[in-house]
2 protein chains.
Amino acid sequence: MKNFVIKGNACWNENIEQIHCEPNAYLVCEDGVCAGVFHELPERYADLPLTDFGDKLILPGMTDLHVHAPQFAFRGLGMDMELMDWLKTYAFPEEAKYKDLVYADRAYAQFADQLRRSATTRAAVFATLHVPATELLMEKMEASGLISYVGKVNMDRNGPDYLCEKSAQESLEATERWICDTKSKFERTHPILTPRFIPSCTDELMHGIRRLVEKYDLPVQSHLSENFSEIEFVQSLCRDSKFYGDAYDRYGLFGGDHRCIMAHCVHSGEAEIELMRKNGVFAAHSPLSNANLSSGAAPVGKLFREFVNVGLASDIAAGESENLFRSISAAIRASKLRWRMLDQEIYPLTVSQAFYIATVGGGKFFGKVGSFDPGYEFDAIVVDDATIPHPQELDLQQRLERTLYLADDRHLCAKYVAGTRLF
Amino acid sequence: MKNFVIKGNACWNENIEQIHCEPNAYLVCEDGVCAGVFHELPERYADLPLTDFGDKLILPGMTDLHVHAPQFAFRGLGMDMELMDWLKTYAFPEEAKYKDLVYADRAYAQFADQLRRSATTRAAVFATLHVPATELLMEKMEASGLISYVGKVNMDRNGPDYLCEKSAQESLEATERWICDTKSKFERTHPILTPRFIPSCTDELMHGIRRLVEKYDLPVQSHLSENFSEIEFVQSLCRDSKFYGDAYDRYGLFGGDHRCIMAHCVHSGEAEIELMRKNGVFAAHSPLSNANLSSGAAPVGKLFREFVNVGLASDIAAGESENLFRSISAAIRASKLRWRMLDQEIYPLTVSQAFYIATVGGGKFFGKVGSFDPGYEFDAIVVDDATIPHPQELDLQQRLERTLYLADDRHLCAKYVAGTRLF
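What comes next is a walk through the structure. (Residues numbered from 1 in each chain as written. Chains lettered and ligands numbered in written order. Predicted model: local features only at pLDDT ≥ 70, side-chain atom pairs only at ≥ 80, totals over all residues. Heavy atoms only, no water.)

Now for the environment of Phe 53 of chain A. Residues and elements named next belong to chain A. Looking at where Phe 53 falls in the secondary structure, it is placed in strand E4 (residues 50-60). By relative accessible area, Phe 53 is classed as buried at 10%. Excluding anything up to four places from it in sequence, Phe 53 contacts Ile 6, Lys 7, Ile 58, Val 382, Ala 414, Tyr 416 and Arg 421. (Helix = DSSP H or I, 4+ residues; strand = E, 2+ residues; numbered from the N terminus. Buried < 20%, exposed > 50% of the residue type's maximum accessible area, 1.4 Å probe, protein only. Contact = heavy atoms within 4.5 Å.)

What follows concerns the packing of helix H2 (residues 101-117) of chain A against helix H3 (residues 131-144) of chain A. All names here are of chain A. Axis separation between H2 and H3 bottoms out at 9 Å; the angle between their running directions is 30°. In terms of their interaxial angle, H2 and H3 are classed as roughly parallel. For the pair H2 and H3, the sense of crossing is right-handed. Contacts between H2 and H3 involve Leu 101, Ala 104, Asp 105, Tyr 108, Ala 109, Phe 111, Ala 112, Leu 115 and Arg 116 on the former and, on the latter, Pro 132, Ala 133, Leu 136, Leu 137, Lys 140, Met 141 and Ser 144. (Axes fitted to C-alpha atoms, helices over the stretch in contact; angles between N-to-C directions. Parallel < 35°, antiparallel > 145°, perpendicular 65-115°, else oblique. Left-handed = near helix turned anticlockwise from the far one by under 90°.)

Our next topic: the pattern of salt bridges. Residues and elements named next belong to chain B. Under the criterion given, the structure shown has 56 salt bridges over all chains. Notably, a salt bridge pairs Asp 113 with Arg 117, separated by 3.4 Å at the nearest N-O pair. Here Arg 117 and Asp 113 lie together in helix H2 (residues 101-117), a separation of four residues that amounts to about one turn. With a relative accessible area of 30%, Arg 117 lands in the partly exposed category. Across the pair Glu 274 and Arg 277 runs a salt bridge whose closest N-O atoms are separated by 2.8 Å. With Glu 274 and Arg 277 both in helix H8 (residues 270-279), this residue pair falls three residues apart, about one helical turn. For Arg 277, a relative accessible area of 34% translates into the label partly exposed. (Salt bridge = Lys/Arg side-chain N within 4 Å of Asp/Glu carboxyl O.)

The next subject is the sheet that holds strand E3 (residues 33-38) of chain B. Residues and elements named next belong to chain B. Ordered by their spatial adjacency, seven strands build an open sheet running E3-E2-E1-E4-E15-E16-E17, and the pairing between neighbours is mixed. Since the sheet does not close on itself, it has two edges, and those belong to E3 and strand E17 (420-421), each with one partner. Where strand E1 (residues 4-15) lies against strand E2 (residues 18-30), ten bridges are found, and the strand directions are antiparallel. Each residue of the ladder has a partner; that of Asn 15, found in E2, is Gln 18. (Pairing = 2+ DSSP bridges.)

With that settled, consider the interface of chain B and chain A. In this complex, chain B contributes 52 residues to the contact, which on the side of chain A involves 52 residues. Here chain B packs against chain A, burying approximately 4600 Å² in sum over the two surfaces, 55% of which is carbon and sulfur. The largest contributions to the chain B side of the interface with chain A come from Arg 340, Met 341 and Pro 391 of chain B, which together make up 15% of the buried area. On inspection of chain B and its partner chain A, the count reaches eight salt bridges. A salt bridge links Arg 410 of chain A to Asp 408 of chain B; the nearest nitrogen and oxygen atoms lie 3.1 Å apart. For the side of chain B that touches chain A, the secondary-structure elements that each account for two or more residues are H2, helix H9 (287-292), helix H11 (324-341) and helix H13 (396-406) of chain B. Broken down by element, the residue count for the side of chain B that touches chain A peaks at ten residues, all from H11 of chain B. Partitioned by chemical class, the residues of the side of chain B that touches chain A number 22 nonpolar, 14 polar and 16 charged. (Buried area = accessible area lost by both parts, 1.4 Å probe. Nonpolar A, V, L, I, M, F, W, Y, C, P; charged D, E, K, R; others polar.)

Rendered as structure tokens:
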């Protein structure tokens, strides 16, 4: 059933600056790939099954480029600290619970279910250091219908006793077993190497992860330049590095020959941004998280200008919600406050730019994802905005804009991932 | 039916720094006023009808201290400009439509219905300059069950031809007729004098409004120190004033002998803050609006410290949602970004402080409102947080915190205003 037509009001980014809206359009899916959006259905598709969504909006699915599944349990809680204290006080104790598979089963079921019902069709997910729970999470993500990368976390230093791997060797052996177990096990769910961040990983561990990148041709996800104390700590640990990203790069874990996601990039300077561009590193912009933990606001406008890949991220639980509509408006607001309070050289995000990073921007990590241009994988959400009342006429651009500011899972009435309908 | 008992988990601010949570509590309402929260129901209340809300949360109702009813139609739209251009491009054209009572009827019905279903139990509302539509709005607010002040807007200069009163005299005569028509007409809905802001009002108009304040003993609402261009404009119009608030004060429209709400106060300096404190002016903090229009973030922590009254506001439509839960977390985030990017002398808001301004802080404008302490009017919302899944045990403080970050109208299952149940 990956060949079909859906009909409705299609809205997607023509490019980063412009959103195209096509009323009463026919969106054709062939073998899970978008064959095009048509004002009239071409004769050659006349025999395909058609679902008419009437006056509803059809948008590309969104990519959550950075989300911590085990932190979903405490979203909306405990954001009265900055990063390093927050990790010790809230994140690490919660993550330690995932040693217990009964708890992990209950918690990850809730996470996967909520993601299934959200606007997210793709995700790059952190699990914990525990291999069994990570595999369980992968099973649940697979069952959710989303396409995702899931990472067993590596951390062998500076963690609490109850959440720290005993040695680099132990961590690497567990990781390699996990890779072998899972790399071909699922259709939609794939392993991604996940050193937590430099403060949590010894040199030996980082070098070993680099070897796994090469041996198994895997992507990498980690954290970068989120918080001033963190950045100082990294500098004290990697004295030869010129900046945080350079430290990853010296381990061979900063893109270039592999796909790489770095979450946050709040305080990335010129040289770091230039290296991200050169190496094709993806910045996972997490506006809710960066505000909630008082980290700041990332220079997203500048990342664009310098041709860095940028995707949007919920960063649960430092971000409180999996609902990426919330992150879209939060990204715009954070960029406006940054412009007003910190740096008038970097213009605020437009609605079009924010929609772009939520769809095409992060989708690019997964290939041709996040657009309805021909050749893109068929990820789509169908939005019923009729329950957001208005007394006046609205055109499609306006309906989309309102949706981006106000919608959540209750407004979604259908979702497709690579041509498979989830609901 | 204003004498009853409800049972559930009560959470309210003991003071600005602390939230009190009372599990399985009996909240007693006598003649619309809270008689207390009890662990065991006192014998003297045993005959009152009791509604048991089980494990749900019971919170004080919230006050929206600044909201533009006619802008509700375009919430979530057109926030790509700063204040003065935004007014000309989006707000004024929409407000002009309220000359047409058919349109006003449709639009205000949606506004009042949405407010009825929200966490808001009290509101200070801007209408437009049109008297008939303003009276219609008052009828709808009355029917909604909320207690509110509604203001016919005064504006006799610097507006577009299609939305500007022809003279101060005409504006004042219309306002006085409207006051006489409505001041005793409703049980829950009252007029408030509403000069839009100084750029929109001639000296003659402001002096006339002052006379109406005295003659009818009415409160005042307006805008203050929202945006740099606006502040400069006011200074150019009121050359003798020392600061924006001083200009209002010279007209006799800045509190002191009358209750007064000033929305925004983003850029209020020392002297303005001191005058607000002295005159008991309420700051209506509008964090979503102030970010959406790139105005900045108000120094809320400083306002507290200087003993200025602070309430929370949605400021629809520059704020995109009537859901004050959203404004609570936005207020915390804005204060964190302000702390990080602008001024480390003013600490970020805590959850307790943000909950306080949403309940007691703004409620104070209406009297003893926003708390479950004995003697407070019985405004309450009942929240079913069971649909926000979690795998672990949570205590009441945690459940409240999650609710403040994540809830919306779908989580509300009952609402009381001054002892009257709305749903």
